[in-house]
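Structural overview for review
As a plain string of letters, each chain reads:
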Amino acid sequence: MTQQGVRWTADQVLALAPDAASRKAGSKLGAAGPWSEAGCADEGTVWGLCKGSGSKPYQTVVDIADAAGPAYKCSCPSRKFPCKHALGLLLLWAADEAAVPPGQVPPWAAQWTAGRRGRAEEKKAGDGSGAPSGSADPQAARRRAERRAERVTAGAVELEQRLVDLLRGGLATAEQAGYGLWEETAARMVDAQAQGLAGRVRELGAIPATGPGWPVRLLEECALLHLLGRGWLRRERLPDGLAATVRSRMGLPASADGPSLRDHWLVLAQYDTADPRLTTRRIWLHGAASHRTVLLLSYGAAGRAPELALPVGLSLEAEVSAYPGAGQPRVALGERFAPPAPAAIRPPGMTTSRAAARYGDALREDPWLESVPVTLDRVVPAPDGDSWQLADADEDAALPLTPTARSRPGLWRLVALSGGAPVRVFGECGHQGFTPLTAWPEGPGDAVALC
Amino acid sequence: MTRTSAPVDAPGADAWEGLVTTALLGTDRRTPPGTAPGRDAPVALLDAAAVETVRRRAGLRPARAAERPQPAPEDARPALPPAAARRLAMLLADRPGPSGGGRRGAAPDLTELLPQWLAAANARGFAPPPQALPALLDAARGRTDLRPAALEFAGPRALWMARLNADWRFALRATPGGGAALPHLEDDDRVQQLWQEGLFAERVALLSALRSREPAAARDLLATTWATERAEDRLMFLDSLRAGLGPDDEPFLEQALADRGRNVRATAAELLSALPGSALAARMAVRAEACVAIDHLQTAQSPGTGLVSKGPGGTTKSTPTIAVEAPHECDPGMERDGVVAKAPAGRGERSWWLGQLVEAAPLGTWSRRLGGRTPREIVALPVADGWQGELHAAWCRAAVRQRDAEWSRALLGDPSAPEAGGPGAVSLAERAKLLGTLGAAERAAWVAGFIAAHGLSEAFQLLGVCAVPWTAPLGGAVVDALNIARDAGSYPWSFSGVMGLAERCLAPSEASRLDALLAVPDEPENASPGAGGYWAEAFQRLVTTLRLRAAMAEELGAA
């Protein structure tokens, strides 16, 4: 099943790098010089010996066909993952067919891949047969869930009280109260195991410093927080889908138990956001047959990239299953049937008016939604005072770019790609505007990552 | 985005304003619109605000489009092959690291390869992928040495981008005419108009472009306004005649010899002296000849250089020797012909004048003047009274200015001669310039011979004028010399300059010859500690870089 298919592009390989330093170090090793006995096999193994500063070369092997994403093994002492040797080897493989020719897997590499795949098979078999682990005592589990719900309820009630106090005294006082008030409230919500509330509360604290118009934004966020708290307290009376949305917005754990959907998934975008404790990776996928756009979330500890990496422009055949909540795009990746391979398909696009309406519709299912993923067709990036917008090529309508998008270097790649002509752009469209993530030229050409 | 126009029965924008005002002041001070005051007022306010917030967000509509930018001009060049485009992205992603020392590890320095990559891409006439332009412009902004090649490669869309981003304005300045396209040179009216009305930079660009195509037309254009131009501008315009200089330019240059501006006069004289058939060159020849003669009566100063005379006397032990009688004054005629009367501090006036006369005299003069000897024979003649340095240096300048290969060869001498490595009558800097007048193969062969005889310590400057990639004999000589330096036990960073040049200039096909040097050798007793390992690393980097360059060239279709 695992034909290796077309070799990846260098960009796609570099997207696997955990940080900029590794990208740079890997690039330098992506030439034939230090490598010897390199090769690749049809089942998706790439291997090679890389001369380092020591007398013994490093043994590097990558399994690109693994269902859970590329797996790496290198005898170097680096703690980066993948290390520069693995990146360099993949770059060489991507660029130079002669340097990494098809061949017989050497024993040292075969041993490792066989071991890995064996373990993966065992794990899969184990998952399939037995009952879900950790639920040996359903009664105890239910009691735990009830206790947690009680604590979250207490948190929601307390937050509601604080919001009422705030509104009674006026938002103007919030500007003077500063960050401390919100940090303390957020800490209380963490204690109450309501992570979703804690995160929103922390963001409230930053709003008074965001410049003109902050009272409007603060009132909006307070009102949505209030709406979420009330939604939780009355969740029994909500429709199932909305109740599930409220639960997930409150930060309660859920598992992706939706029906699985098998499709050829085109990787639309991959980007990381980092806070001091956690790196969050978002990967947007578009189903070629289902036309669904779904989101994979994965996490890495601070300073470490999440392991799942799907470079933009590749497509993979796989099953995904949705997390609960009406209209939620988040899915979990299930079985993969083929390793990711380059694909020339593009998602169909729409006008800016349709995109704005799409966001409005989605709020019906989830009023807390910041944005929805959409692909705009035939839009032209145009300067608009200090800002930029994406203007429809064929009608007098435009979406402004979000402040985040304006400060990214990707903006200029988008402008350069367009050159004043229409382009197709995938991104997130919401009440703050549009954040472009990937673009395609009007004519033939590869996807250009903007984030 | 703009807010939608509200439905008829909706509270609308006024209601939202009311909610915001109340929220700011607090419900204790103000009652929210449409509710009763009291304990529940904040909750009522939050309820209403939540409804309004979702309503406002759900009702968002696109904004009106701003004025769209003019489309970027078409780039007619073919697109880069995909592999080359990926390579470019990689070269641009590499930023010079903080380490500045000679120990650079075994990995190639990609930033050093960017200039070469750009030159190859420009030579093949490829257009860049548009999405690479921001990184390309950033690279050109940070490195002025890259600018011309980077901007040429970046093409018209980069200038279009530069108008949209203040960080890249330099591109508009760096491109002649501020990015404005030159008129078709066949379009006489447009050419005339730009020449009459254009900015200085545009006019220089126009003149240079015209000169490279039709030298005479450019000169005629310049002549139409010459009398009214400012002195600094005249100097710049005159300088553009350097390209494609020919005998036809003589009348115009003669006229410029009478210019009001001293620098203009000097430039005109310099250009005329590069035309051996010009009247100025003839006048200078007469003056120079008066200063230099063969003295048959002089006895050889040093037996080592003694050439036995073949003159009519035949049997005397005396050797023909060049006698120099430097000018005693700088007359107005000399000044008019561009001789600068005032010597710089520390130089004698007479030798200063002599140097200028000899430099400006056609080299063909000397064979006639000095008994029909060839340049090689003339250079070999002893010079009396310590004038050799002055005389040979002036001949060097003349050979470079007149691009005379035969004289250059004579003055360069034999690369393996002991004085070639200095100090000699001709300095290394002068040798480098003389090499510039020779063909690429001959140049490389001379430098190869020099390195074989004198090693690498003085070779850097000479290697700099050799064509890239180096010829096989030159590359072989450099590698052999590095190998010798390694065996001598010194550290490789004493040779980091040459090593860096080798990474950029050695022919990629030489990589296989280096394989034997990659191993860490046994350390000789007198070697610097650990040097062998560092040498292996340096050769490793050299080989890796050469392989990378071979891959780069192949990707660009320039095998």
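Everything here concerns the structure above.
In what follows, the accompanying structure is described. (Residues numbered from 1 in each chain as written. Chains lettered and ligands numbered in written order. Predicted model: local features only at pLDDT ≥ 70, side-chain atom pairs only at ≥ 80, totals over all residues. Heavy atoms only, no water.)

**Here's the deal with the overall build of chain A**
When helices and strands are tallied, chain A shows 12 helices and 16 strands. Whereas a compact globule of 451 residues would reach a radius of gyration of roughly 22 Å, chain A reaches 24 Å, a difference of no more than 12%. Burial statistics for chain A: of 451 residues in total, 50% are counted as buried. For chain A, the proportion of contacts with a sequence separation of at least 24, taken over those separated by at least 6, is 61%. Positive and negative side-chain charges of chain A, numbering 50 and 49 respectively, have mean locations separated by a distance of 6 Å. (Helix = DSSP H or I, 4+ residues; strand = E, 2+ residues; numbered from the N terminus. Rg over C-alpha atoms; globule rule 2.2 N^0.38 Å. Buried < 20%, exposed > 50% of the residue type's maximum accessible area, 1.4 Å probe, protein only. Contact = heavy atoms within 4.5 Å. Lys, Arg positive; Asp, Glu negative; His and termini not counted. Charge placed at Lys NZ, Arg CZ, Asp CG, Glu CD.)

**Considerations on a positive patch on the surface**
Residues and elements named next belong to chain A. Among the surface-exposed residues, Arg 142, Arg 143, Arg 144 and Arg 147 lie close enough to one another that they form a single positively charged patch. Its place among the elements puts Arg 143 in helix 5 (residues 138–169). Residue class for Arg 143 comes out partly exposed when judged on its relative accessible area of 47%. (Patch = residues over 30% accessible without salt bridge, like charges linked within 9 Å, V, L, I, M, F, W, Y side chains within 5 Å. Areas by Shrake-Rupley, 256 points an atom, 1.4 Å probe, with all protein chains shown as cover. Salt bridge = Lys/Arg side-chain N within 4 Å of Asp/Glu carboxyl O.)

**As for the pairing of strand 12 (residues 387–392) of chain A**
All names here are of chain A. The buried fraction of strand 12 amounts to 6 of the 6 residues, a majority that puts the element mostly inside the structure. Note: strand 11 (residues 371–384) against strand 12, 6 bridges, orientation antiparallel. Bridging from a neighbouring strand, Asp 384 pairs with Ser 387 of strand 12. Following strand 11, the chain reverses through 2 residues before pairing antiparallel with strand 12; Gly 385 in that reversal takes a positive phi of roughly 65°. Looking at chain direction, strand 12 and strand 13 (residues 398–400) are connected through 3 bridges and run antiparallel. Of the residues in strand 13, the one forming a bridge with Leu 390 is Leu 399. (Pairing = 2+ DSSP bridges.)

**Focus on the packing of aromatic side chains**
Throughout the structure, instances matching the rule amount to 15 aromatic pairs over all chains. Judged by centre distance (5.7 Å) and plane angle (20°), the ring pair of Trp 446 of chain B and Phe 450 of chain B falls under stacked. You can see Trp 446 of chain B and its partner Phe 450 of chain B sitting in helix 23 (residues 440–454), 4 residues apart, about one turn around the helix. Residue classification places Trp 446 of chain B among the buried residues on the basis of a relative accessible area of 8%. By relative accessible area, Phe 450 of chain B is classed as buried at 0%. Aromatic rings pair up to connect Trp 388 and Trp 412 of chain A together with Trp 168 of chain B into one cluster. Sitting above the plane of the Tyr 323 of chain A ring, Arg 330 of chain A keeps its charged end 3.9 Å from the centroid. (Phe/Tyr/Trp six-rings, centres within 6.5 Å; stacked < 30°, edge-to-face > 60°. Lys NZ or Arg CZ within 6 Å of the ring centre and 35° of its normal.)

**Section: the interface of chain A and chain B**
In this assembly, 71 residues from chain A lie in contact with 61 residues from chain B. Across the interface of chain A and chain B, roughly 5,400 Å² is buried in total on both sides, 65% from carbon and sulfur atoms. The largest contributions to the chain A side of the interface with chain B come from Lys 28, Arg 168 and Trp 412 of chain A, which together make up 13% of the buried area. Linking chain A with chain B are 5 salt bridges. (Buried area = accessible area lost by both parts, 1.4 Å probe.)

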